[in-house]
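Okay, here's what each chain looks like letter by letter:
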Amino acid sequence: MSDRHVFEYALLRIVPRIERGECVNAGVLVYCRAKSYVGARTHLDEARLLALDPGVDLPGVRAALRAVEGVCAGGAAAGQAAGDDAGRRFRWLIAPRSTVVQPGPVHTGLTADPAAETERLLDLLVR
């Protein structure tokens, strides 16, 4: 048997002015059913975001990104989602609900280590 498992991931994008359609990648969500793993890592390039919209609500964006990481971490930080399994938390996080912090489309891959994959994707697609 292979030691690699299917995983799904989506980028988190910040769209400060929806009418302009410009965005900054600010995080990645990863879900691996076989490992019961859901994780998020974020990195906000504030200078880049401010270049798109000097009036963007930075504290609000930071809070939204922290909330995503909290839901993935589970426990008390996940709030009502704490009792949900990893798959339900991932599906809840990729559902569009904000015009500013938006999940991108879901992609798939294979990995032996979903946590390491989360870091790799953050470095590749966000930083």
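See the structure shown above.
Residues numbered from 1 in each chain as written. Predicted model: local features only at pLDDT ≥ 70, side-chain atom pairs only at ≥ 80, totals over all residues. Heavy atoms only, no water.

Colleague: Which residues make up the overall build of the chain, and what values do they have?
Modeller: Along the backbone of the chain there are four helices and five strands. Helices and strands in the chain line up, N terminus first, as β-β-β-α-α-α-β-β-α. What you see for the chain is a C-alpha radius of gyration of 15 Å, in line with the 14 Å of a compact globule of 127 residues. Within the chain, the fraction of its 127 residues that count as buried is 41%. Excluding contacts between residues fewer than 6 apart, the proportion of contacts in the chain whose partners are at least 24 apart in sequence is 62%. The positive charge centre, built from 16 side chains, and the negative charge centre, built from 15, are 3 Å apart in the chain. (Helix = DSSP H or I, 4+ residues; strand = E, 2+ residues; numbered from the N terminus. Rg over C-alpha atoms; globule rule 2.2 N^0.38 Å. Buried < 20%, exposed > 50% of the residue type's maximum accessible area, 1.4 Å probe, protein only. Contact = heavy atoms within 4.5 Å. Lys, Arg positive; Asp, Glu negative; His and termini not counted. Charge placed at Lys NZ, Arg CZ, Asp CG, Glu CD.)

Colleague: Explain the layout of surface pockets to me, and be specific about the residues and the numbers.
Modeller: The gaps left among the atoms become clear once a water-sized probe is rolled over them. There is about 190 Å³ of room inside the largest pocket. Along its surface, the largest pocket is lined by Leu12, Ala64, Ala67, Val68, Val71, Trp92, Leu93, Ala95, Arg97, Ser98, Val101 and Pro103. Listing elements by their share of the lining of the largest pocket, those giving two or more residues are helix H2 (58–73), helix H3 (86–94) and strand S4 (101–103). The element best represented in the lining of the largest pocket is H2, accounting for four residues. (1 Å grid on protein atoms, 1.4 Å probe; cavity = no way out; pocket = protein on both sides within 12 Å on 5 of 7 lines; lining within 4 Å. Points joined across faces, edges and corners; volume = space filled by probe spheres on them.)

Colleague: Give me the lowdown on the nonpolar core, citing residues and values where you can.
Modeller: Membership of the largest hydrophobic core comes to 25 residues, with the highest contact counts inside it found for Ile14, Leu29, Leu44, Leu49, Val61 and Leu65. Looking at this core, the elements with two or more residues in it are strand S1 (5–14), strand S2 (24–32), strand S3 (37–42), H2 and H3. It is H2 that contributes the most residues to this core, six residues altogether. Aside from chain neighbours lying at most four places away, what touches Leu29 is Glu8, Tyr9, Ala10, Leu12, Gly39, Ala40, Val68, Cys72, Phe90, Leu93 and Ile94. Counting residues in each nonpolar core, the second largest holds nine residues, with Phe7, Leu11, Val28 and Leu121 among its members. (Core = buried A, V, L, I, M, F, W, Y, C linked by side-chain atoms within 4.5 Å.)

Colleague: Give me the lowdown on the packing of aromatic side chains, citing residues and values where you can.
Modeller: Evaluated as defined, the whole model comprises two aromatic pairs. Ring plane angle 20° and centroid distance 5.5 Å describe the contact between Tyr31 and Phe90, whose orientation is recorded as stacked. Residue Tyr31 is found in strand S2, and its partner Phe90 is found in helix H3; the two are separated by 59 residues along the sequence. The pair formed by Tyr31 and Phe90 is uniform in burial state, with each residue classed as buried. (Phe/Tyr/Trp six-rings, centres within 6.5 Å; stacked < 30°, edge-to-face > 60°.)

Colleague: Summarise the side chain of Thr42; cite the residues concerned and give the values.
Modeller: Summarising the element assignment, Thr42 is placed in strand S3. Among the polar contacts made by the side chain of Thr42, one reaches the side chain of Glu69 at a distance of 3.0 Å. For Thr42, the contacting residues outside a window of four places in its chain are Leu12, Ala26, Gly27, Leu65, Glu69 and Leu122. (Polar contact = N/O pair within 3.5 Å; in protein donor to acceptor, adjacent residues only side chain to side chain.)

Colleague: Summarise the environment of Leu29; cite the residues concerned and give the values.
Modeller: With respect to the helices and strands, Leu29 occurs in strand S2. Overall, Leu29 belongs to the buried group, its relative accessible area being 0%. Distance from Leu29 to Arg91, taken between C-alpha atoms, is 10 Å for residues 62 residues apart in sequence.

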